[in-house]
Every structure is written in C-alpha cells, then in structure tokens.
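Close look at the chain arrangement
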Amino acid sequence: MAILDSKIPDGSLETKWSNYKSHIKLVNPSNKRKLEIIVIGTGLAGSSAAASLAELGYKVKAYCYQDSPRRAHSIAAQGGINSAKNYKNDGDSVYRLFYDTVKGGDFRSREANVYRLAEVSTAIIDQCVAQGVPFAREYGGLLDNRSFGGAQVSRTFYARGQTGQQLLLGAYSALSRQIGLGNVQMFNRHEMVELVVIDGKARGIIARNLTNGKLERHFGHAVVLATGGYGNVFFLSTNAMGCNVTAAWKAHKKGAFFANPCYTQIHPTCIPVSGDYQSKLTLMSESLRNDGRVWVPKKQGDKRKPIDIPEDERDYYLERKYPSFGNLAPRDISSRAAKEACDDGRGVGESGLAVYLDFADAIKRLGKDVIEARYGNLFDMYKHITNEDPYQVPMRIYPAVHYTMGGIWVDYNLMTTVPGLYATGECNFSDHGANRLGASALMQGLADGYFVLPYTIGDYLSGEIFTKAIPTDHPAFLEAEKQAKERIDKLLSIKGKKSVDDFHKALGKIMWEYCGMARNAEGLAKAKQMVRQLRDEFWKDVKVTGEADELNVDLEKAGRVADFMELGELMIDDALDRNESCGAHFRVEYQEEGEAKRNDEKYAYVAAWEHKGVGENSVLHKEQLVFENVHFATRSYK
Amino acid sequence: MKFNLKIWRQKNASTPGKIVDYSIDNINEHMSFLEMMDVLNEQLIHKGEPPVAYDHDCREGICGMCSMHINGRPHGPLAATTTCQLYMRNFKDGETIYIEPFRANSFPVIRDLVVDRSAFDRIMQAGGFVSVNTGSVQDANNIPVNKQHADLAMDAAACIGCGACVAACKNSSASLFVSAKISQLALLPQGQVEAKERVLAMVNQMDEEGFGSCTNTGACEAECPKEISISNIARMNREYYIASLT
Ligand SMILES: Cc1cc2nc3c(=O)[nH]c(=O)nc-3n(C[C@H](O)[C@H](O)[C@H](O)COP(=O)(O)OP(=O)(O)OC[C@H]3O[C@@H](n4cnc5c(N)ncnc54)[C@H](O)[C@@H]3O)c2cc1C
Ligand code: FES
C-alpha cells in the first residue's frame, strides 16, 4: 500500500519555500535539452508551465483539445486575481492572504502549500505586467485593485471583466514565443486518452488526434496534467462545454490518487435554468452582491410580480440570517440559503428555482447612472440572455456548479502518487481546502505553472538524465494504445437507443440532487446505486454515431461522459465518508443552528482515493492535516 | 417556433461539401442558437445520423471558438455578438436559416462547420509577445502606464481570435486580428522595445499564410463581436512603415 508523503520541507512556514528552493537538485543546461516534458492543457496552469519549462531549456510538448491553446477555459474568468502586493497599503501581507485562504477553505488545506501560494502571488503580477497584460490602472498610471468576494483588503487585480482572458493571453503569448523558437511542440485538437506508465514511472501518453481520429503515442520523461476541473460531471455548470475529467481520470486509474473529490464549489449568482434544453449556465459576477439585495416572498407559492409584493411580505433572508455580512455572505453559505428558500416553496420565476437579486434600493440611493457605471456590462449581459431589464425588474439568480476544489492528489512538489506525473491548476487538489476564495484560482494556476513546477520538477528530472527517450513501440505504449482503441471500438459498437447527452443529463440530475449543495447519508447511498445502474445501462444502451477515424464530436463526448460516470461514484463515496460539514461540503446531518459543523478531531484529513477497478470500492488513504501556525476556528458570518 | 435550416455538410477536408436541408420544430424562443443546434443534433443522433460538427466551448462569447456564418454573416445577424450569444428570439418564426462555415482560403474546412484557424496561432508565434522570461522581471508598479493608453491597449486586447474579421472581408484579410495585438503591445511601454521587429515579423507571417490585403472596406470592424476598432489597422500600418524605413 502506498503511503502518502506530502514532502513538506522542514523549517518555519516563512522560510520553507526559499530554503527548499535553494537546496533543490538542479539539472544542467546541456542535460535539460535531452529531457522531454509532456504538458497536457494550455489554460493558465498549462501554458505558464509549458512556456517556463521551455525557457529553462527542456524539450516540451503541449496539448489541448481546442483548436488553439488560447481557448482554454481559463479565458472565461471574469473577476480578477489575488496577490499580496499590498499596493493599497491597507494592511495586506503574505501572511494575511495565507490565513484568509486557509480559513476560507475551512481548515482543510495544507499550510505549507497555501503559504507558498501567497508568497509567490506577488511575482505573478510582476510577470504578467512585463508580458503586457493590460490590467486596470489608476490615473497616476499605477495598478488598480478592488476587494473581491468579501475580503477585507483590496488585493484583487483585474482587467475589466475579462481578467482570465488577459492572463491567459499573456501566458499564451509566452507559450507562442517558445513554440516559435522551436522549444515547444504544440498539439492542438489532441485529447489525452491514456497515460503510459513504465516501471512505475509516468513515461508518456496516448492522445487522440481529434481532427482525424488517429491514436498517437508520445513519450516524455515526465508528464504534467493541467487539465482543469470536473464540474461538468453535473451536466450543467459554468464550465465550458468541453471541460472534462478524462486525462485526470485515466491517470487515476493508472495509480494517481484522487483527493477530496466531493468538494465542489457552487456559485450563488448564476442565471437560472430556463428549460430542459439548457446546455450550460452563465455566471453573473459576484460583485453584484455589493449593491443588490437578495430576497424571496415570505409566502410559499407567491406568484405575484415582484413589484406587486409589498416590502413587509418580502424575506431578505441573507440580511436576516447573517446580519453582519448580509448579502455578502460567502459563496457556500449564500448558495445554501438560496436552495433552502426554494426548497421551502418560496422560489421565484417559472421553475420556482430562483431568487431575486434586486437593485431597486441601490438605484434609488445612488441613481441609475452610478449603477450603470458599476455594472453596466453585467446588466447588458443579463438582459441579452434573459430578455429582462434588470434596471426595471429584479434579476433572478440561482446557484450553479462552478469550481472543483478536489482533484489529483499531489505532494509539495506537485507530484502525484505516480512518480514523474505532476498535476497543476484546478486539476490538482491543493491549496483551496473545502472552499475556494474568489480570485484565487487564477492565482493558483499561474503560481503552479510559473513559479513552483519549474523548480520542483528539476528535483525529479535530475535523476533522469541518463534515461534515454523510450521508443514508442515499447510494449507499455502498445498496451495503452490498445486499451484506448478497445474502448473507442466498444463505444461505437453498442449502437443502443439513448444518446450520450441523455446519459449525461441523467447523471447530472443524480449528482445535483444527491451530491450537490446539501447531502445526506441516505441520499448518497441511494445515489451510488443509481450511478452504478446508469453506468451499466450506458455501456449497454448508448448510441454513438460515426466512425473512430474521423472528426467525431459524438465520440469525443461519449468518452468524456463514460469517465464522468466513474468519477460520479467516487465523489459520492467521498461525500459519504466525510461525516462532517466543511466548506462547500454540507451534510445535513452535521449542522448546528443551520450552519455547517466541522469535526476537526476526526476529519482534519485529505481523503486520497486509490482506484481498485470500476465497480470495486476505492481505497481511502488519509493525509492528516497538521496546523502549526493557525488555530482551528469556526467560520461565523452571523 | 419552427425553422428551415440549410446547413453546410462536409465529411472531411478532401471531400466536397454541400448544403443539406433540415426542418426543426418546437423551438423555444429562449433557447440559444447553439442549443437549437444541440436539439437538431440530438434528433440526428437518435436517427443514427452523424451530428453536425461545429466548434464551440465557453458559450459565453469569450473563448472565440464558435465560428459559424449565419445567413451570410459571421456570427449571424446581431452586432457585437458571437454565435453562442444568439438566441432564437433573434430570428423569425418559420424563417429559413443558412448555416455555413467561415469562408477563407487560409481557414480550410475540416468538417461541416469546423475550420482550421491555426494560421492565427502561427502569426502570434512570429511575434505576438514581449520577450521576457519567467522570473526575470521588475516590480509591476515600476512600469507606470498612462491610463488612457492602458485603456486603449485593453480595447485592442479584447480580441477573441475568432476569425470573423477574416470571414467578413472580401479579401480575407487578417489585418484587424493582427493589428489588435500589435496595437496592444505598441501602446504599452513593455511592448515598445521590440515594436519594430514585432510588426515586421507578424505582418510577414500574415502574408505568408495567404491572407489578403486590407482595402479599408470596414467589414471586419462591423462584424467583429468585440467591436475591435479599425483604427488599430491604421496604427499597425504606421508602425509597419516606421519599422520598414528605419
Ligand atoms: C465562469 C467562470 C469564471 C471564473 N472566474 C474566476 C475569477 O474571476 N477568478 C479566479 O481566480 N478564478 C475564476 N474561475 C476559476 C478559474 O477560471 C479556473 O479554475 C482556472 O482558470 C483553471 O485553469 P486551469 O489552467 O487549471 O484549467 P483550464 O483553463 O480549464 O484549462 C484546461 C486545459 O486542459 C486541456 N484539456 C482538458 N482535458 C484534456 C484532455 N483530455 N486532453 C488534452 N487536453 C485537455 C484543455 O484543452 C485546456 O487547455 C472562474 C471559472 C469560471 C467557470
Ligand atoms: S463558444 Fe466561446 S465564444 Fe462562442
């Protein structure tokens, strides 16, 4: 049985990383040229890593499923990126960002990793500015900041409502430069479908060329997964349509432990579902809660127009329950409160699955012009999608799946339990514990890719300088390719009656109902059986059209949904194991006066799951979390 | 709502394609255009026919992946909108809708509505960057940037690289796309050091990829979902002349 070794360096929190960095083993430049690194994914985490590794002299191969590395889902992030620059002189510091992140994560993350994240956060902004990222500026020409997600300091850097886009284009430009120089070989429209492990080490991948359907074998001395989150297991989420767990899942099945899969962030302010044709959900920036008031009618089933509901018949439930934070209560708490109101029959809109976010008071107080200046583009976007004018009628919002804190388990070096296999960005589990703070995902992706992995990977590769490139006709490559091919052939041969989307929607429903915002043991146990049944049915009755050796969008989706079917069960297992409520994981059995009740004595661990075969129960390994610098505290927003 | 769809179907790059008729009924006006395409594709799959392949990912108008030519216009009838941001209420009940891939020699069709836009990536690889390595930079606030320039740079940087400008242009010119990146970096002090090399390299690559030349028709600006201004092309030309003369 593998033992989890987090490899956290000794020393005080403040000096761990710098000491460790100074003693890490190095690879000399002439050897770097002989070492090949595969990077899967070109979002913030992947592009930054691929570019930085190539700058160091390694031979890099990078992959994405879109037609260009610039289209990775990081592009959609709106709000901003945190950094402990303290440019505002408002008392921010590396320690404060570290503490906020540990507390926000409800004491379920690793101190040393989070501290390092906060520490390198300042260099990220320097790097991005040097690349020409057009961050918002003040009149004096210096960088502007805003406060985000209820933080008490202004530490969020932003580029209008397109921060993710601008950061990604910055990383993409660095990557493009390295491609142009011949240091990175880029594989667009390629999907990793298998990991190749030789003598216990990650040595390559099988990728499907999505343009012609051919399976290709690629060797690397090390493999980096930067493939993003798995929110699409719920079918509906704010993720892009292609976001998937396939690469991470294939690695999991080859030995990489999967950590905390049940930690899913549900964002409170999204545009509600409008019909069963709905394909994805759209996020409305959290900043709206600075001026909007959230409410539902006091009476159940009240179908009156919002304007006809008098003030004293409205329940401003966030202000009522959390007087000190009010409408700015954290994401997990606001989302749950909205669900409770709707479960209570007081939801609004046709479906009853929405709450109002009302700007009438703010418009009265500040004037329409001020509101327009602050949120004009968001109001336009809302109107564009819903055909309703939020200056006239309150917005309708509902929580939606947004981010996955869980992911592949990694040690301090970002190495998984498979030697030579690394995971970065949203794809790994580190740093955010049970709940992520706003504007911290972009920070983590770039921290991993620019400033952590390029150092830590050297520690491993320094031991690989005598390993010659392994020819891709090695039996392990052939075997992995065979596995991939058999699976594709199987999917195409079933020729059943239901489409891939039929199954994906069914899976999403189960996950949302039983493993979504509120969970309980009974529901989870039931859901586990339902997912197993659905999976069996999938492999008997799915209908996938077209051929293997062509661009086949139906087949691409089928492969991804097949993996979600397996992941879904693991998420349920994890939620069942965690007999406590923490952060985004809310077990209704564990609460105190309606609030999440953590159990630090028993559950202050990372749950890292080992795969034992589909349909077999996974084995749980616990990494105990040790807090030497912060003390457990109850998150209270009342 | 009900629609007649005339959709370009093409098996692969080497097989000729053709317009195929489909009719679709019971469409909710609040559906997005791509959700309507999903409904059509589900119907095709249930009949055992391959669905219509089209590029899309974020469905929020930011990744630049969606790329259809709808009723003769890139990204369809609305200004400042990508295909994924269209809703069926933007069309008339009973309408015939033509759906084709972006058309340009430098964007060959791969299948159905999917085209190859990798020429854009190659132009970026030629010079669409500031040559700084990770870690070798100064503190961010040591480079003050005039706010007006920063805002203009951001306007140009909003380009999503979808290729609508090329598809809209009768010459298939990529000038708007290329000039947006050149402008962004030329407006910022960080980009000025390499401004000359950049503009020469990117324009050269643009020509090598076979994009046509700009004759100032303004079609690109009119169809750009991000309303990138044609004044960027003027800036690119200025930068180019200065660079070629010195
Ligand atoms: C709407 C929205 C708004 C957000 N806003 C913010 C914000 O304001 N601030 C913030 O900090 N965070 C925000 N987030 C979260 C943040 O954007 C993401 O967590 C982060 O960008 C993930 O980056 P990544 O590099 O890990 O993955 P991604 O950007 O998702 O990239 C994944 C990459 O992997 C590739 N890939 C995936 N699977 C495969 C495969 N099998 N084979 C080959 N390639 C593959 C893809 O092609 C892609 O290149 C937001 C998220 C959403 C959904
Ligand atoms: S799908 Fe991303 S811009 Fe249309």
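Along each chain, the written sequence defines residue order, and numbers are assigned to residues from 1. All chains are assigned letters beginning at A, and all ligands numbers beginning at 1, according to the order in which they are written. Given that the model is predicted, a residue must reach a pLDDT of at least 70 before its local features are reported, and side-chain atom pairs must reach 80 or more before they are shown or counted; all residues, however, enter totals for whole chains, interfaces and linings. Hydrogens and water molecules were not included; the side-chain quantities draw on all heavy atoms of the structure.

1. Examining the overall build of chain A
Under the DSSP-based scheme used, a helix requires at least four consecutive residues in state H or I and a strand at least two consecutive residues in state E, with every element numbered from the N terminus. Helices and strands together make up the secondary structure of chain A, namely 17 helices and 23 strands. Here the globule rule is a power law, 2.2 Å times the number of residues to the power 0.38, and the radius of gyration is based on C-alpha atoms. Taking 638 residues into account, the globule formula puts the C-alpha radius of gyration at 26 Å, and chain A, at 24 Å, falls close to it. Dimensions of chain A along its principal axes, counting C-alpha atoms only, are 75 × 60 × 50 Å. Throughout, exposure labels follow a simple rule: accessible area from a 1.4 Å probe, protein chains only, divided by the maximum for the residue type, with under 20% read as buried, over 50% as exposed, and the rest as partly exposed. The burial tally for chain A puts 65% of its 638 residues in the buried class. Each accessible area is a Shrake-Rupley result for a 1.4 Å probe, and residues are judged covered by the shown protein chains and nothing else. Surface summary for chain A: the accessible area is close to 22,200 Å², and the carbon and sulfur share equals 50%. Under the convention used here, Asp and Glu are negative, Lys and Arg are positive, and both His and the chain ends fall outside the count. Taken as the charge location is NZ of Lys, CZ of Arg, CG of Asp or CD of Glu. Looking at charge distribution, chain A has the averaged site of its 82 positive side-chain charges lying 2 Å from that of its 81 negative ones.

2. Here we look at the site of ligand 1
Residue and element names in this part refer to chain A. Every one of the 38 residues lining ligand 1 counts as a neighbour, but Gln66, His73, Ser74, Met192 and Glu426 are closest to it. We call two N or O atoms a polar contact when they sit within 3.5 Å, provided that within protein one can donate a hydrogen and the other can accept it, with sequence-adjacent residues counted only if both atoms are side-chain atoms. Residue Gln66 places a side-chain N or O atom 2.5 Å away from an oxygen atom belonging to ligand 1. Gln78 places a main-chain nitrogen or oxygen 3.5 Å from a nitrogen atom of ligand 1. Coverage of ligand 1 by the protein amounts to 98% of the 1,000 Å² it exposes when considered alone. Among the elements of the structure, helix H3 (44-56), strand E6 (190-198), strand E15 (395-404) and helix H12 (441-461) are those that each provide at least two residues to the shell around ligand 1. Among the elements that take part in the shell around ligand 1, E6 stands out by supplying 3 residues, more than any other. Grouping the amino acids of the shell around ligand 1 by side-chain chemistry returns 17 nonpolar, 18 polar and 3 charged. When we say a residue is near a molecule or strand, we mean one of its heavy atoms is within 4 Å of it. Side-chain classes follow a simple rule in which Ala, Val, Leu, Ile, Met, Phe, Trp, Tyr, Cys and Pro form the nonpolar group, Asp, Glu, Lys and Arg form the charged group, and the remainder, Gly included, forms the polar group.

3. Digging into the pattern of salt bridges
Residues and elements named next belong to chain A. What makes a salt bridge here is a side-chain nitrogen of Lys or Arg within 4 Å of a carboxyl oxygen of Asp or Glu, nothing more. Summed over the entire model, instances satisfying the criterion amount to 67 salt bridges over all chains. Between Glu286 and Arg289 there is a salt bridge, with the nearest N and O atoms lying 3.0 Å from each other. Of the residues examined, Glu286 reaches a relative accessible area of 8% and is grouped as buried. Here Lys498 ties to Glu537 by a salt bridge, and the two come within 2.6 Å at their closest N and O atoms.

4. Focus on the state of the cysteines
One covalent bond between the sulfur atoms of two cysteine residues makes up a disulfide. When two cysteine sulfur atoms lie within 2.5 Å, the pair is treated as a disulfide. Under the criterion given, the structure shown has 0 disulfides over all chains. Cysteine A:Cys243 remains unbridged, with the sulfur of B:Cys63 as its closest cysteine sulfur at 10.0 Å. No disulfide involves B:Cys224; its sulfur sits 6.4 Å from that of B:Cys162, the nearest cysteine.

5. Quick look at the domain arrangement of chain B
All names here are of chain B. Partitioning chain B into domains gives domain 1 (3-110) and domain 2 (118-245). Residue ranges for the domains originate in an automatic or database domain assignment. A separation of 29 Å is found between the C-alpha centroids of domain 1 and domain 2. Any two residues whose heavy atoms approach within 4.5 Å are treated as being in contact. Contact with domain 1, which involves 18 residues of that partner, is made by 19 residues of domain 2. Summed over both partners, the accessible area (1.4 Å probe) lost when two parts come together is defined as the buried area. Here domain 1 packs against domain 2, burying approximately 1,300 Å² in sum over the two surfaces, 58% of which is carbon and sulfur. The partner of Glu223 in a salt bridge is Arg73, with the nearest N and O atoms 2.9 Å apart.

6. Quick word on the environment of A:Ser6
All names here are of chain A. Structurally, the position occupied by Ser6 is in the segment before helix H1 (16-23). Judged by its relative accessible area of 14%, Ser6 is buried. For Ser6 and Gly406, which are 400 residues apart along the polypeptide, the C-alpha to C-alpha distance reads 16 Å. Setting aside residues up to four positions removed in sequence, Ser6 forms contacts with Arg110, Trp409, Asp411, Tyr412 and Glu623.

7. Considerations on the packing of aromatic side chains
Residue and element names in this part refer to chain B. Two rings from Phe, Tyr or Trp (for Trp, the six-membered ring) form a pair when their centres are within 6.5 Å of each other. A pair whose planes differ by under 30 degrees is stacked, one over 60 is edge-to-face, and the rest are tilted. Applying the stated rule across the entire model yields 33 aromatic pairs over all chains. Ring centres of Phe107 and Phe120 lie 5.4 Å apart, and the angle between their planes is 75°; this geometry places the pair in the edge-to-face category. With Phe107 in the loop between strand E5 (96-100) and strand E6 (109-111) and Phe120 in helix H2 (residues 118-127), this pair connects stretches of sequence that are 13 residues apart. Of the two residues examined, Phe107 and Phe120, each falls in the buried class.

8. Observations regarding the interface of chain B and chain A
Listed as interface residues are 71 residues of chain B and, on the opposing side, 73 residues of chain A. Broken down residue by residue, the surface that chain B buries against chain A is led by B:Asp57, B:Thr134 and B:Met154, which jointly contribute 11%. At the junction of chain B and chain A, the tally comes to 7 salt bridges. There are 50 residue pairs in polar contact (both at pLDDT 80 or more) connecting chain B and chain A. If you list the elements that add at least two residues to the side of chain B that touches chain A, you get helix H1 (33-46), E6, strand E7 (114-115), H2, helix H3 (147-157) and helix H5 (175-186) of chain B. For the side of chain B that touches chain A, the element with the highest residue contribution is H3(B), accounting for 7 residues.

9. Section: empty space enclosed by the protein
Residues and elements named next belong to chain A. Two kinds of site are reported from a 1 Å grid over the protein atoms alone, namely cavities, where a 1.4 Å probe fits but cannot get out, and pockets, open sets with protein on both sides within 12 Å along at least five of seven lines, and residues are called lining when an atom falls within 4 Å of a point. Grid points are joined across faces, edges and corners, and a volume is the space filled by probe spheres set on the points. Within this structure, the stated rule accounts for 15 cavities of 30 Å³ or more. The computed volume of the second largest cavity comes to approximately 190 Å³. Contributing to the lining of the second largest cavity are 17 residues, with Glu191, Val193, Arg208, Ile488 and Gly559 lying nearest its centre. Listed by contribution, the elements that provide at least two residues to the lining of the second largest cavity are E6, helix H7 (246-253), helix H13 (475-494) and helix H16 (553-577). Broken down by class, the residue content of the lining of the second largest cavity amounts to 6 nonpolar, 3 polar and 8 charged.

10. Focus: helix H9 (residues 331-343) of chain A
Residues and elements named next belong to chain A. A helix is expected to reach a length of 1.5 Å times the quantity of its residues less one. With 13 residues, H9 extends 18 Å between its outermost C-alpha atoms, agreeing within 8% with the 18 Å of an ideal straight helix rising 1.5 Å per residue. Taking burial as the measure, the 13 residues of H9 include 10 buried ones, the bulk of the element. Buried within H9 are the following residues: Arg331, Asp332, Ile333, Ser334, Ser335, Arg336, Ala337, Ala338, Ala341 and Cys342. On its buried face, H9 is in contact with strand E11 (264-270), strand E12 (293-297), helix H8 (317-321), strand E14 (355-358), E15 and strand E21 (595-596). Positive backbone phi, at 80°, marks Gly345, one or two positions downstream of H9.

11. Observations regarding the sheet that holds strand E16 (residues 407-408) of chain A
All names here are of chain A. Any two strands between which DSSP finds at least two bridges are classified as paired. The antiparallel open sheet is built from 4 strands, whose spatial order is E16-E10-E22-E23. One side of each edge strand has no neighbouring strand; the edge strands of this open sheet are E16 and strand E23 (619-624). The pairing of strand E22 (residues 605-610) with E23 spans 6 bridges and is antiparallel. The residue bridging Ala607 from the neighbouring strand is Lys622, located in E23. Every angle, taken between N-to-C directions, lies between 0 and 180 degrees, and every axis is a line fitted to C-alpha atoms, over only the stretch in contact when it is a helix. Docked against the sheet, H16 engages strand E10 (258-259), E22 and E23, running at close to 145° with respect to E22.

12. A short note on the environment of B:Ala156
Structurally, the position occupied by B:Ala156 is in helix H3. In the structure, B:Ala156 is positioned 81 residues away from B:Asn237 in sequence and 15 Å away in space, judged by C-alpha atoms.

13. As for the domain arrangement of chain A
All names here are of chain A. For chain A, the assigned domains read domain 1 (266-399) and domain 2 (487-604). Spacing between the C-alpha centres of domain 1 and domain 2 amounts to 29 Å. Taken together, the contact between domain 1 and domain 2 spans 10 residues of the former and 10 residues of the latter. Carbon and sulfur atoms make up 62% of the area that domain 1 and domain 2 hide from each other, which totals about 850 Å². Between domain 1 and domain 2 we count 0 salt bridges in total. Across the contact surface, domain 1 and domain 2 share 2 residue pairs in polar contact (both at pLDDT 80 or more). Elements that contribute at least two residues to the side of domain 1 that touches domain 2 include exactly H9 and E15. The dominant element in the side of domain 1 that touches domain 2, judged by the number of residues it contributes, is H9, at 5 residues. Looking at the side of domain 1 that touches domain 2, its residues break down into 5 nonpolar, 1 polar and 4 charged.

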